[in-house]
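Structural overview for review
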Amino acid sequence: MREPRVTNAPKSVGPESNAPKSNAPMANAPSGPQPRDLPPAPRPRASPDRTLHMIGNAHLDPVWLWPWQEGYQEARATFKSAIDRMDEYPDFIFTCDQIVLLSWVEEQDPKLFARIQERVAEGRWVNAGGWWVEPDCNMPMGESFARQGLYGQRYLQSRFNKIATVGMNVDPFGHNAMIPAILRGQRMDSYCFLRPGQQESDYAQTLFWWEAADGSRVLGYNIPFEYGSPPGDVVGQTEKSLAQLDRTLGEMMVFYGVGNHGGGPTKANIESIHRYDRMGSFGRMTMSSPRDYFDEILARGEGFLDSLDVRRDDLQHHAPGCYSAHSGIKAWQRRAQFAALSAERWAAVVHVTDGIEYPRGQLEGAWKQILFNQFHDILPGSAIESSYDDARDQLGEAVAVSKRIITRAHNVIARRVDIPHEDGTQPVLVFNPHPWAVETDVDLQYGGNPTGVHVVDGEGAPVVHQRSQSTATTDDKSRGALVFRAEVPALGYALYRLRPGTVPTAGSPLTVSESVIENDHLRVELDPKTGWISSLVTKATGVDVMAGVDGTQHTQVCDDPTDTWGHRVVSYAWPGATMELKRIVVRESGPLRSRVRIERAWGASSLVEELILSHDSGVLRVNVTLDWREQAHLLKLRFPTSLVDPTATYEIPYGTIERPVDGAEEPGQSWVDLTGTVDGEPAGLTVVTTNKHAYDVSPGSSDNGNQPSIGVTAVRSPVYSWHDPRLLDPEGFYSFQDQGIQRFSYELVPHAGDWRAAQPARRALLAGAPVRAMLESFHPGDLPRRHSFASDGGGAVLVTAIKGSEDPAADGGADLIVRAVETTGAPGRASIELPLVGRTLDLEFGANQIRTVRVPKDPAAQVVDVDLLEWPLDGKPGE
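None of the values given here were measured: they were computed from a predicted structure. (Residues numbered from 1 in each chain as written. Predicted model: local features only at pLDDT ≥ 70, side-chain atom pairs only at ≥ 80, totals over all residues. Heavy atoms only, no water.)

**Examining the overall build of the protein chain**
Along the protein chain, the regular secondary structure elements total 14 helices and 43 strands. Since a compact globule built from 879 residues should have a radius of gyration of about 29 Å, the 29 Å found for the protein chain is in line with a globular shape. Over its C-alpha atoms, taken along the principal directions, the protein chain stretches across nearly 100 × 70 × 55 Å. Classification of the 879 residues of the protein chain by burial places 62% in the buried group. Across the protein chain, contacts joining residues at least 24 apart in sequence account for 73% of those joining residues at least 6 apart. With the model as given, the accessible surface of the protein chain reaches about 32100 Å², and the carbon-plus-sulfur share is 50%. Of the side chains in the protein chain, 85 bear a positive and 114 a negative charge, and the two mean positions are spaced by 4 Å. (Helix = DSSP H or I, 4+ residues; strand = E, 2+ residues; numbered from the N terminus. Rg over C-alpha atoms; globule rule 2.2 N^0.38 Å. Buried < 20%, exposed > 50% of the residue type's maximum accessible area, 1.4 Å probe, protein only. Contact = heavy atoms within 4.5 Å. Areas by Shrake-Rupley, 256 points an atom, 1.4 Å probe, with all protein chains shown as cover. Lys, Arg positive; Asp, Glu negative; His and termini not counted. Charge placed at Lys NZ, Arg CZ, Asp CG, Glu CD.)

Right, here's the structure in full:
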């Protein structure tokens, strides 16, 4: 019977890493017959009056210092070991999380999986966590967290007829503040985590209530010391855990078992627990599970539960550098998430309109690739270099599947749009994947026309447009390019036409030079010495949120001696060198938009920022191309402001959070806001980004002219999988991250003191998932030239998902699943229009509430509130 491999100790450094790695008992442990061979004996009266719930587990990183293929094999080996220990020790209980591991074992060893099913039914194999993997818990979108539980819990229900009721993310490096709401929506009432440890955080409680902004609560348990142990005697694990635990609780959990590369509890682990329990050394030691522990706590009643502290905040920080390590995986992940969400929406549309089968299996496969690569050593950038070849391929597969679904759906819809023949014209259909109407500039490549073209809408009215640079570099002029303004209905489409010949355009409010970009809403002044903004005036208020800022602060390059994770980093807001300005060039000046190119260099690296202002916009967009060739350095893009007494707000999954203006390196979704006053007037600046997740908001000081600022960590280049305290050999050969070209964008959104009015979440979603324009042909059809299939109205309630139901509809197809979240922190009502099924949903929302409904295709059938698992709120699992 296999004993676990012990090649990997827990991910920690310090004295515990010197623990013995033999299965033999430690020298100070009693020897002799094992308790299972002895008759029961009472513990000494002097034994501490407490119960230690010993949680046998095997934390297995499917990817970290090894590729996923090795993790695949180790899942089978580890689970076989756990099953063998159950055969040998009738009281042994094993706790398992990360549902992907069960799915791997099911497909490679059905007999072993059948034995696991028997032990689950017996109650000795306990599945916890309920998520596909232990993901990074800050960077994925809210809908990804919903899918972690959707696929994880449904898998458990289908294979074991029992879902997880305890959330478990023992190894991720921080936890966003909306996780309690997500867990409750997935039928879990408690949460176990290790990181950040008490020495890294601003809380000291072992057990506490964790409450999300919508009021949802779970019992949180901060695992003491480590989630795994060496393979021998558990005395060290127990003593060090007790040193960190709140011993006034009386009942505590201690996790044990070889982990990281799997392994699990060993014979020596288990027998030492029996021995110390009989001796009474630490009190009562019982083989247990997190569920058993939390049930004991809940049974104490309201008096005790009301005495527990309540935390209404996130749980940070363990490894702040991981939010900027490996820019590639961040970009690939974001792209794949957007693609899958869009594919779900369009697949649901054509399922209803045209009876096209809803591709559940394809979408589930795509999502599982996405969820797997959100694992807390992949998405944070801390895995070995070769693992990112696999991640790129797997996420590329998810994108390719999603694009095929989207393209098919768009063509199914397009063939039904009525497009009358018009000589010499080229029809263009623009599809909007978002459930609110958008006005946006569309870049289009088209078949070249020697006389030029102009753009009209579906009714023949002229549309603002201008020529742009083709992506094809040829002499035959077979391809042309232009950009035009499109107004597209919510989750819908609009028809436009390219007509031959150019036409005069009306005067434009845009003016542009190398020092000023201006329209009727915004005036941007550039300092010719620094190449950065010295003034950003909103004309409606006259407020300048960047008056007199120091442009030399915009780029900050500095040495980065920290490891891949950024262990023990508090802030990356360090003084740094300014990239040298090379030139400022006006690239575009037309009736629709202006574009100014700013080029910089430092060392062997270059940075190009193209500032784009549309004719009617109050927002400045910047497209960035960074060619990074530095090792062990980082680049901060900093946005100094003239704001006084500012507050900072960050986007998190399904919500927002205020954090101190103190320069700390913080995780975020796609935007950060700084709001204060300018000359006594309320004002603010929101920075919206694509593909970036590491930010700081720093206070003004004498060093920066008292200019509070937002910082975005654009790039870090540490050595792959370098974990301190290992020191790098000055003569060694290493591979450094993020060498080469990367592209992203950001928007500067000035506002009059309320970021909610600027709707940064919707801006970020549109920036990450633009509309799609496709060339179309002439044909009759039964659909109009403009149409919407679903709309949330663009207000405080944001629809985040429209998809087919996981459970079949009455006709064997799929009903609609619609999910929305209140985004402003205030209760209210929302009308969600669903022309797709002939309905309007009039729904109440509490502040920050996530609400999901199942909408039958039959307009006469009842709409049902469901949870994040798509089961009725008052129903049993699987109903």
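**Things to note about unusual backbone geometry**
Cis geometry is adopted by the peptide bond preceding H317, which originates at Q316 and carries an omega value of 0°. The residue after D724, namely P725, is reached through a cis peptide bond having omega 15°. For P725, the position within the fold is in the loop between β34 (709-716) and β35 (740-751). Non-glycine residue D738 carries a positive phi angle of around 60°. Examined against the element boundaries, D738 turns out to sit in the loop between β34 and β35. The buried category is assigned to D738, whose relative accessible area is 13%.

**Focus: the pairing of strand β27 (residues 633-640)**
Within β27, 8 of the 8 residues are buried, which leaves it mostly tucked inside the rest of the structure. What you see with β27 is no split at all: H633, L635, L637 and F639 on one side and L634, K636, R638 and P640 on the other are buried throughout. Where strand β22 (residues 555-559) meets β27, 5 bridges bridge the pair, whose relative direction is antiparallel. Counterpart to T555 in the pairing with β27 is L637. As judged from the 7 bridges shared by β27 and β34, these two strands associate in the antiparallel manner. From the neighbouring strand, L634 faces β34, where its bridge partner is R716. (Pairing = 2+ DSSP bridges.)

**What to know about the environment of Y227**
Along the chain, Y227 falls in the loop between β7 (217-222) and α6 (235-244). Separated by 447 residues in sequence, Y227 and L674 place their C-alpha atoms 38 Å apart. Within the local environment of Y227, its side chain forms a polar contact with the side chain of N260, the two groups lying 2.5 Å apart. (Polar contact = N/O pair within 3.5 Å; in protein donor to acceptor, adjacent residues only side chain to side chain.)

**Things to note about the packing of helix α1 (residues 68-88) against helix α3 (residues 110-122)**
Relative to each other, α1 and α3 sit at 45°, their axes nearing to 10 Å. As the angle between them shows, α1 and α3 are arranged oblique. Classified by chirality, the crossing of α3 by α1 is left-handed. Two secondary-structure elements touch here, α1 through R76, F79, K80, I83, D84, M86 and D87 and α3 through L112, R115, I116 and R119. For the contact of α1 with α3, the class distribution of residues is 5 nonpolar, no polar and 6 charged. (Axes fitted to C-alpha atoms, helices over the stretch in contact; angles between N-to-C directions. Parallel < 35°, antiparallel > 145°, perpendicular 65-115°, else oblique. Left-handed = near helix turned anticlockwise from the far one by under 90°. Nonpolar A, V, L, I, M, F, W, Y, C, P; charged D, E, K, R; others polar.)

**Thoughts on the sheet that holds β34**
Strand order in the open sheet made by the 5 strands is β22-β27-β34-β33-β30, with antiparallel pairing throughout. In this open sheet, the two edge strands, each paired with only one partner strand, are β22 and β30 (666-667).

**A few points about the environment of S698**
Structurally, S698 is set in strand β33 (residues 694-698). Judged by relative accessible area, which is 9%, S698 ranks as buried. Not counting the four nearest positions on each side in its chain, S698 is found in contact with A573, R638, V661, G663, P708 and S709. Polar side-chain contacts of S698 include one of 2.7 Å to the side chain of D696.

**Digging into the packing of aromatic side chains**
Across all of its chains, the model carries 31 aromatic pairs by this definition. Seen from their ring centres, Y293 and F294 are 5.5 Å apart, and the 70° between their planes marks the pair as edge-to-face. Of the two residues, Y293 and F294, both sit in the buried class. An angle of 50° between the planes, with centres 5.3 Å apart, marks the rings of F484 and Y496 as tilted. Here F484 is found in strand β15 (residues 479-488), whereas its partner Y496 is found in strand β16 (residues 492-500), with 12 residues between them in sequence. Per residue, the accessibility class of F484 equals that of Y496, and both read buried. An aromatic cluster is built from Y191, F193, Y203, F208 and W210, whose rings are joined through pairwise contacts. A cation over an aromatic ring shows up here: R300 above the ring of F304, its NZ or CZ 4.6 Å from the ring centre. One cation-aromatic arrangement involves K692 over F744; the distance from NZ or CZ to the ring centre is 4.8 Å. (Phe/Tyr/Trp six-rings, centres within 6.5 Å; stacked < 30°, edge-to-face > 60°. Lys NZ or Arg CZ within 6 Å of the ring centre and 35° of its normal.)

**A word on helix α8 (residues 290-298)**
Along α8, the residues classified as buried are P290, R291, Y293, F294 and I297. Within α8, the buried residues cover an arc of 160° as seen down the axis, which keeps them to one side. (Arc of directions from axis to C-beta.)

In short, shape yes, function no, at least from these values alone.
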